[in-house]
Amino acid sequence: EVQLQASGGGLVQAGESLRLSCEVSGFTSDDYAVGWLRQAPGQDREGISCISMKDGSTTYEDSVKGRFTISADNAKNTVYLQMNSVKPVDTAIYYCALAFDGKSYYVRMFVPYYYKYWGQGTQVTVSS
């Protein structure tokens, strides 16, 4: 059974930093990608960043470039999202999800259909 566990969310003030974690279990192949997608109240789900566990290639949504950094510890099957200089607009539930092909155009575009397994999400709230 493939499982993803997102953690690290919480309440933080604007300008501060937060690190989210996503632990993947039950998926033995090293050829997969993990994405971070978020959903704010009343809004559509938005792709934030993804990383290939095979080659480390990363993709970022424009609004988080220069502020967020995605990384992976392959030995621990864990992906991190370092969130710096957070803003109130970053407030959302953050989900991590697994896709089979990190080089896929659709995966890099954060098309939900191509993310086959999802974590439960972790709430990030940024106060001003």
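About the thresholds
Residues numbered from 1 in each chain as written. Predicted model: local features only at pLDDT ≥ 70, side-chain atom pairs only at ≥ 80, totals over all residues. Heavy atoms only, no water. Helix = DSSP H or I, 4+ residues; strand = E, 2+ residues; numbered from the N terminus. Buried < 20%, exposed > 50% of the residue type's maximum accessible area, 1.4 Å probe, protein only. Contact = heavy atoms within 4.5 Å. Areas by Shrake-Rupley, 256 points an atom, 1.4 Å probe, with all protein chains shown as cover. Lys, Arg positive; Asp, Glu negative; His and termini not counted. Charge placed at Lys NZ, Arg CZ, Asp CG, Glu CD. Pairing = 2+ DSSP bridges. Phe/Tyr/Trp six-rings, centres within 6.5 Å; stacked < 30°, edge-to-face > 60°. Axes fitted to C-alpha atoms, helices over the stretch in contact; angles between N-to-C directions.

**A few points about the overall build of the protein chain**
Regarding its fold elements, the protein chain presents one helix and eleven strands. N-terminal to C-terminal, the α/β element order of the protein chain is β-β-β-β-β-β-β-β-β-α-β-β. Its C-alpha atoms put the protein chain at 40 × 25 × 25 Å along the principal axes. For the protein chain, the residues scored as buried account for 43% of the 128 residues in total. A separation threshold of at least 6 residues defines the contact pool for the protein chain, and within that pool the share at least 24 residues apart is 56%. Accessible surface computed for the protein chain: about 6600 Å², of which carbon and sulfur atoms make up 46%. Mean positive and mean negative side-chain charge positions of the protein chain (11 and 13 charges, respectively) differ by 3 Å.

**Here's the deal with the pairing of strand β4 (residues 33–39)**
Each regular strand carries side chains that alternate between the two faces of the sheet. Burial of β4 is extensive: six of the seven residues sit out of reach of the surface. Pairing of β4 with strand β5 (residues 46–52) involves six bridges; the strand directions are antiparallel. Among the inter-strand pairings, A33 is bridged to a residue of β5, identified as S52. Taken together, β4 and the strand that follows it, β5, pair antiparallel across an intervening segment of six residues, in which G42 is found at a positive phi of about 75 degrees. Alignment of β4 against strand β9 (residues 92–99), held across seven bridges, turns out to be antiparallel. Bridging across to β9, A33 finds its partner in A99.

**Let's talk about the packing of aromatic side chains**
Summed over the entire model, instances satisfying the criterion amount to eight aromatic pairs. When the centroid spacing of 5.4 Å and the interplanar angle of 80 degrees are considered together, the rings of Y105 and Y106 count as edge-to-face. Judged by its relative accessible area of 55%, Y105 is exposed. Members of the aromatic cluster, joined through ring pairs, are F27, Y32, F100 and Y117.

**Quick word on the sheet that holds strand β3 (residues 18–25)**
Adjacent strands of a sheet pair through backbone hydrogen bonds, lying either parallel or antiparallel. Ordered in space as β1-β3-β8-β7, the four strands form an open sheet in which the pairing is antiparallel. Since the sheet does not close on itself, it has two edges, and those belong to β1 (3–7) and β7 (68–73), each with one partner. The average undirected angle you get between the axes of adjacent strands in this sheet is 15 degrees. Relative to β3, β1 is paired through five bridges, and the arrangement is antiparallel. By the bridge assignment, L4 is partnered in β3 with V24.

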